[in-house]
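Inside the fold
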Amino acid sequence: MLRGPWRPLWLFVLLLLPLPGAPEPSGASRPWEETDEPRSAWAWPGFQRLKERLRAAAALSKRYWTLFSRQVWPDDCDEAEEGAAGSPGWRLRLLGQRYLDLLTTWYCSFRDCCPSGDCRISNNFTGLEWDLNVRLHGQHLVRQLLLSTVRGYLETPQPDKALALSFHGWSGTGKNFVARMLAENLYRDGLRSSCVRMFIATIHFPHIKYVDLYKEQLKGQIRETQQLCHQTLFIFDEAEKLHPRLLEVLGPHLERRAPEDDRAESPWTIFLFLSNLRGNIINEVVLKLLKDGWSREEITMEHLEPHLQAEIVETIDNGFGHSCLVRENLIDYFIPFLPLEYRHVRLCARDAFLSQELLYTEETLDEIAQMMVYVPKEEQLFSSQGCKSISQRISYFLS
């Protein structure tokens, strides 16, 4: 195998070779069919094939330049995509799947994500750990559980089921924030990756009367994504508003399967469910523990998970709690997001200033944190909106 600077030349030579079993171009003659008529050198079949392959190679080079430019100039992605799609010279069928795979492998050899075999997948666990420790505030249970669970699952050679995680807590405590962190660190393009699908119950599945149609659509979207990528991520926001019959679609993916079961789906699939459901129960348990003398960091999953799971099952006004996923214990972890306190809101305000490259003072952070509403009425411990409206508060403060 050639290495170093000779590898592109080797692949270019492969492009010029005839495809195994490929038909000859129309109009091409064989040696025993030659006539005595003089023929221009430009009309020889070999030269025509050479021109076709050179044209295809040029088009493929343009495509890979587009992929490279996306990494350097991400703001130009849309224009680059239109140019690549509209180019008349982009004819992958001229190359054949074998040549395309060779060139994809060569392209991937320049990226550190390619041991996975798919350059869309990065699995940057170091980056995920950093994000959870530095950018996420007040959620020590999420930090402790999420990284080890996701990493352990994705490093399992042949998992026997999809991984299902259910995030619960008040609005603004970080559920969507963590889901985005996960997508950004597991996939090169984050939530825009072709391996990631996000569904919002009230937007994608708004009408109960169409639930059967939604079921077929969801089945097709999951199947297409899994056929495209060997590692997939599906995020369901507002999970408590999903119809139980719709959630039945996910049951077969979350049931354990025998090792010899060779179903055509991604070996690694993660389902995330985000819900405000039973956030009040989490807050009540945390408040009681704090009043009993526990520090926030001493609160463990054992304090919260039994209460959380029992309340989800007993709640009668939501489809998620009565779905097969909960009834049949197909959810691997119910992960509680604790209510945020004043000090956490200040940190969120600081991060918002830094992300916008704005100057701030400690007094400014205090003023913004004091603009939030805190509950319960007597203790005034928890921000009623978490960190959700911090950016709007900063805009108001600066105006």
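Residues numbered from 1 in each chain as written. Predicted model: local features only at pLDDT ≥ 70, side-chain atom pairs only at ≥ 80, totals over all residues. Heavy atoms only, no water.

An unreviewed UniProt entry annotates the protein as Torsin-3A originating from Cebus imitator. Within the UniProt record for the protein, the comment given under Sequence similarities (unreviewed entry) is "Belongs to the ClpA/ClpB family. Torsin subfamily." (UniProt positions renumbered as here; feature names shortened; annotations may be inferred.)

When the terminal C-alpha atoms of helix 9 (residues 211-228) are compared, their 26 Å separation across 18 residues agrees well with the 26 Å that a helix rising 1.5 Å per residue should span. The secondary structure elements touched by the buried residues of helix 9 are strand 2 (196-200), helix 8 (201-204), strand 3 (231-237), helix 10 (244-247), helix 11 (251-254) and strand 4 (268-275). (Helix = DSSP H or I, 4+ residues; strand = E, 2+ residues; numbered from the N terminus. Expected span 1.5 Å × (residues − 1). Contact = heavy atoms within 4.5 Å.)

With that settled, consider the sheet that holds strand 4. The sheet built from five strands is open, its strands ordered 2-3-4-1-5 with parallel pairing. At either end of the open sheet lies a strand with only one pairing partner, and these are strand 2 and strand 5 (333-336). Neighbour-to-neighbour, the strand axes of this sheet turn through a mean angle of 15°, independent of strand direction. Direction of pairing for strand 1 (residues 163-168) relative to strand 5: parallel, over a ladder of four bridges. Residue pairing in the sheet places Leu165 in a bridge with Tyr333 of strand 5. Across the sheet, helix 7 (residues 175-186) lies against strand 1, strand 2, strand 3 and strand 4, angled at about 160° from strand 4, the strand it touches most. (Pairing = 2+ DSSP bridges. Axes fitted to C-alpha atoms, helices over the stretch in contact; angles between N-to-C directions.)

Most of strand 4 sits out of view: eight of its eight residues are buried. Burial along strand 4 is two-sided: the residues Trp268, Ile270, Leu272 and Leu274 and Thr269, Phe271, Phe273 and Ser275 are all buried. Here six bridges tie strand 1 to strand 4, and the two strands are oriented parallel to one another. Considered in strand 4, the bridge of Ser166 is made with Phe273. As paired strands, strand 3 and strand 4 are joined by seven bridges and run parallel to one another. Bridge pairing in strand 4 places Asp237 opposite Leu274. (Buried < 20%, exposed > 50% of the residue type's maximum accessible area, 1.4 Å probe, protein only.)

Once that is clear, we can look at the environment of Val375. Assignment of secondary structure puts Val375 in strand 6 (residues 374-375). Judged by relative accessible area, which is 25%, Val375 ranks as partly exposed. Along the backbone, Val375 and Glu341 are 34 residues apart, and their C-alpha atoms lie at a distance of 9.7 Å. Those residues in contact with Val375 that lie beyond four places of it in its chain are Trp170, Gln380, Leu381, Phe382 and Ser384.

For the structure on display, the rule yields 18 salt bridges. When the shortest N-O distance is used, the salt bridge between Glu155 and Arg151 registers 3.0 Å. Residue classification places Arg151 among the partly exposed residues on the basis of a relative accessible area of 37%. A salt bridge links Arg245 to Asp212; the shortest N-O distance between them is 2.5 Å. Here Arg245 is found in helix 10, whereas its partner Asp212 is found in helix 9, with 33 residues between them in sequence. When its relative accessible area of 33% is taken as the criterion, Arg245 is described as partly exposed. For Asp212, a relative accessible area of 47% gives the class partly exposed. Residues joined in a network through salt bridges with shared partners are Arg296, Glu297, Glu341 and Arg343. (Salt bridge = Lys/Arg side-chain N within 4 Å of Asp/Glu carboxyl O.)

Scanning the entire structure with this criterion turns up two disulfides. Across the disulfide, Cys348 is cross-linked to Cys387 (sulfur-sulfur distance 2.1 Å). The S-S bond linking Cys348 to Cys387 shows a torsion near 80°; that makes this disulfide right-handed. In this pair, Cys348 sits in helix 15 (residues 342-355) while Cys387 sits in the loop between strand 7 (382-383) and helix 17 (390-398), placing the two residues 39 residues apart along the sequence. Exposure remark for Cys348: the relative accessible area of 17% places this residue in the buried category. (Disulfide = S-S within 2.5 Å.)

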